[in-house]
Amino acid sequence: MKKILQQLVPSVLLLISCQFCTAQKKNISGSKGLKDAYIADFLIGTALNTGQIEERNLKSNELIRQQFNAVTPENCMKAEHIHPEWDRYDFTLPDKLMAYSQKNNMKLNGHTLIWHSQLPRFAHRIQSVDSFRTFFESHINTVASRYSGKIFSWDVVNEALNEDGTLRKSVFLDKLGPDYIVEAFRLAEKASPKTELYYNDYNNEQPLKRAGCLELVKKVQAAGVRIDGVGIQGHWHLGKVPFAAIEESILAYHALGLKVMITELDIEVLPRKFQGADVNQRQASNPALNPYANGIPDSILAQQAKDYEELFRLFLKHRDKITRVTFWGVDDGQSWLNGWPVPGRTNFPLLFDRQLLPKPAYHAVMGLKK
Ligand code: XIL
């Protein structure tokens with residue numbers, strides 16, 4: 001009898017907690033969203049993919065308009081998409097996004113002008129320094145000036161640093177030398193004078209990379225070139241969010257007169273071998289790395305809610321320094337973490353599930369404002 005009871009108790013507890021979670025997944029259509037709850041604190045943003053920009057799914061579009069007042073293109077403004085050939089630009093989708101953000105009163109953050117990843121093929125093939133400089137200058141001029149006066153901000157340079165704070169050996173560093181970052185900001189300022197200009201990176205809350213990031217910012221400032229803020233991407237892991245380092249970084253960037261943004265927030269629940277978000281780093285797939293393909297335990301969702309709650313409590317503490325918190329996607333089904341760094345996984349990093357329903361983490365973040 002005792003043995004049977006011992007076996008039964010955990011399942012009964014699980015059943016009760018499952019029902020609790022289902023009750024939490026109540027429909028929130030018609031109610032106010034994150035953007036309203038945090039209106040006095042900072043903007044709440046999301047990354048949008050092609051389908052979302054084109055408003056293909058009614059329910060998803062309704063959710064985006066209810067929850068967010070800032071948007072970042074997940075891919076369509078990256079060089080390989082917006083500038084596929086030497087003398088050809090494709091503004092179709094970026095123009096649609098610009099119109100979408102205007103129609104919905106959302107601040108558009110352009111992502112990104114200068115990044116070593118997702119570059120068009122032709123850029124890698126350019127041999128001469130002069131031609132590469134022409135590519136660099138005309139890319140920034142053409143793209144930034146097209147949206148001048150309309151776009152709220154640009155991630156001018158993305159991920160230029162190594163983990164130890166030194167400059168990454170990218171094609172930009174190789175061809176143009178270390179001053180390319182100052183140059184990028186100078187060109188962006190000229191092409192889009194009213195737009196806020198940011199440096200964006202992952203792990204730049206970690207001490208060594210943060211120190212490199214502070215140096216980089218100081219160099220731009222010393223050259224008399226405008227830089228308005230630093231984006232901390234915020235690709236973090238369940239149970240391992242580096243709260244202390246994040247707080248120290250918010251203070252350190254703010255001390256340089258900068259605005260701070262969390263630009264690509266997600267809290268990953270699946271295991272992997274490394275931290276960070278270098279899109280060129282991959283890991284082979286294996287069933288042990290995909291434990292929740294048939295459903296995620298409530299205990300994990302509860303831990304994620306706790307992590308998100310603590311994070312937003314920290315953001316609220318520094319609401320005078322933080323101007324925007326952007327999630328890297330709307331719902332778990334959209335997240336890039338289903339395909340990276342291990343292909344074909346079922347990940348759960350965001351506030352809305354695959355049915356577009358709010359997860360416990362959503363209620364935890366909203367709960368801080370009740
Ligand atoms: C990711 C996109 O989400 C994916 O769809 C794409 O395949 C690769 O890039 N840091 C960044 C983002 O600055 O642009 C990356 O976005 C995620 C890491």
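Okay, so let's go over this structure. (Residues numbered from 1 in each chain as written. Predicted model: local features only at pLDDT ≥ 70, side-chain atom pairs only at ≥ 80, totals over all residues. Heavy atoms only, no water.)

### Overview of the pattern of salt bridges
Defined as follows: Note on definitions: salt bridges are taken to be side-chain nitrogens of Lys or Arg within 4 Å of carboxyl oxygens of Asp or Glu. Only runs of H or I of at least four residues qualify as helices and only runs of E of at least two qualify as strands under DSSP, and these elements are numbered from the N terminus. To sort residues, take the accessible area from a 1.4 Å probe on protein chains only and compare it with the maximum for the residue type: under 20% means buried, over 50% means exposed, and anything in between is partly exposed.
Considering all chains together, one arrives at 24 salt bridges under this definition. Here Glu-55 and Lys-103 are joined by a salt bridge, their closest N and O atoms 2.8 Å apart. Of this pair, Glu-55 sits in the loop between α3 (50-53) and α4 (58-67) while Lys-103 sits in helix α6 (residues 92-103), placing them 48 residues apart in sequence. Asp-179 is the partner of Lys-219 in a salt bridge, and the nearest nitrogen-oxygen pair spans 2.8 Å. Pair noted here: Lys-219 is in helix α11 (residues 207-222) and Asp-179 is in the loop between α9 (171-176) and α10 (180-191), with a separation of 40 residues, a long-range link. What makes Asp-179 partly exposed here is its relative accessible area of 43%. Through salt bridges with shared partners, a single ionic network connects Asp-41, Arg-319 and Lys-369.

### Section: the packing of aromatic side chains
Any aromatic ring pair is given by two values, namely how distant the centres are and how the planes are angled relative to each other. Rules: Only Phe, Tyr and Trp rings are paired, with Trp represented by its six-membered ring, and only when their centres lie within 6.5 Å; those with planes under 30 degrees apart are stacked, over 60 edge-to-face, the remainder tilted.
In this structure the tally under the stated criterion is 18 aromatic pairs. With 5.4 Å between their ring centres and 90 degrees between their planes, Phe-122 and Phe-135 make a pair best called edge-to-face. Taken as a pair, Phe-122 in helix α7 (residues 121-125) and Phe-135 in helix α8 (residues 129-146) lie far apart in primary sequence, 13 residues in all. A residue is classified by how much of its surface remains accessible, and Phe-122, at 13% relative accessible area, is buried. Overall, Phe-135 belongs to the buried group, its relative accessible area being 1%.

### A few points about α10
Our working rule: Each helix should span, by expectation, one fewer than its residue count multiplied by 1.5 Å. Two residues qualify as a contact provided that any one of their heavy atoms is within 4.5 Å of a heavy atom in the partner residue.
For α10, with 12 residues, the first-to-last C-alpha span of 16 Å sits near the 16 Å given by 1.5 Å per residue. Of the residues making up α10, those classed as buried are Tyr-180, Ile-181, Val-182, Ala-184, Phe-185, Leu-187, Ala-188 and Ala-191. On the buried face of α10, the contacting elements are β3 (107-114), α8, β4 (153-158), α9, β5 (196-201) and α11.

### A look at the site of the ligand
Quick reminder of the rule: Here a residue is considered near a molecule or strand provided that any single heavy atom belonging to it is located within 4 Å of it. Polar contact is the term for a pair of N or O atoms within 3.5 Å; when the atoms are in protein, one must be able to donate a hydrogen and the other to accept it, and sequence-neighboring residues count only if both atoms are side-chain atoms. Note on areas: these come from Shrake-Rupley sampling with a 1.4 Å probe, and a residue is covered only by the protein chains present in the view.
Residues in contact with the ligand amount to 15 residues; listed here are only the nearest, Glu-74, Asn-75, Lys-78, His-111 and Glu-264. A distance of 3.0 Å separates an oxygen atom of the ligand from a polar side-chain atom of Asn-158. Relative to its unbound accessible area of 410 Å², the ligand is 84% covered by the protein chains.

### What to know about the pairing of β3
The line we're drawing: DSSP bridges decide pairing: two strands pair if at least two such bridges lie between them.
With respect to burial, β3 is a largely interior element, seven of its eight residues being buried. Direction of pairing for strand β2 (residues 70-73) relative to β3: parallel, over a ladder of two bridges. Across the sheet, Val-71 pairs through a bridge with Leu-108, a residue of β3. Pairing of β3 with β4, which is carried by four bridges, proceeds in the parallel orientation. Paired with Gly-110 across the bridge in β4 is Trp-154.

### Details of the packing of helix α13 (residues 298-317) against helix α14 (residues 360-367)
Heads up, the rule is: Every axis in this analysis is a line fitted to C-alpha atoms, fitted for helices over the stretch in contact. Angles between the N-to-C directions lie between 0 and 180 degrees. By definition in this entry, angles of less than 35 degrees are roughly parallel, angles greater than 145 are roughly antiparallel, angles of 65 to 115 are roughly perpendicular, and the rest are oblique. Should the near helix be turned anticlockwise from the far one by less than a right angle, the crossing is left-handed, and should it be turned clockwise, the crossing is right-handed.
In contact at an axis separation of 8 Å, α13 and α14 are set at 30 degrees when each is read in the N-to-C sense. Taken together, the axis directions place α13 and α14 in an arrangement best described as roughly parallel. The crossing of α13 and α14 is right-handed. Contact with α13, carried on its side by Leu-301, Gln-304, Ala-305, Tyr-308, Glu-309 and Phe-312, involves Pro-360, Ala-361, Ala-364 and Val-365 of α14 and no other residues of that element.

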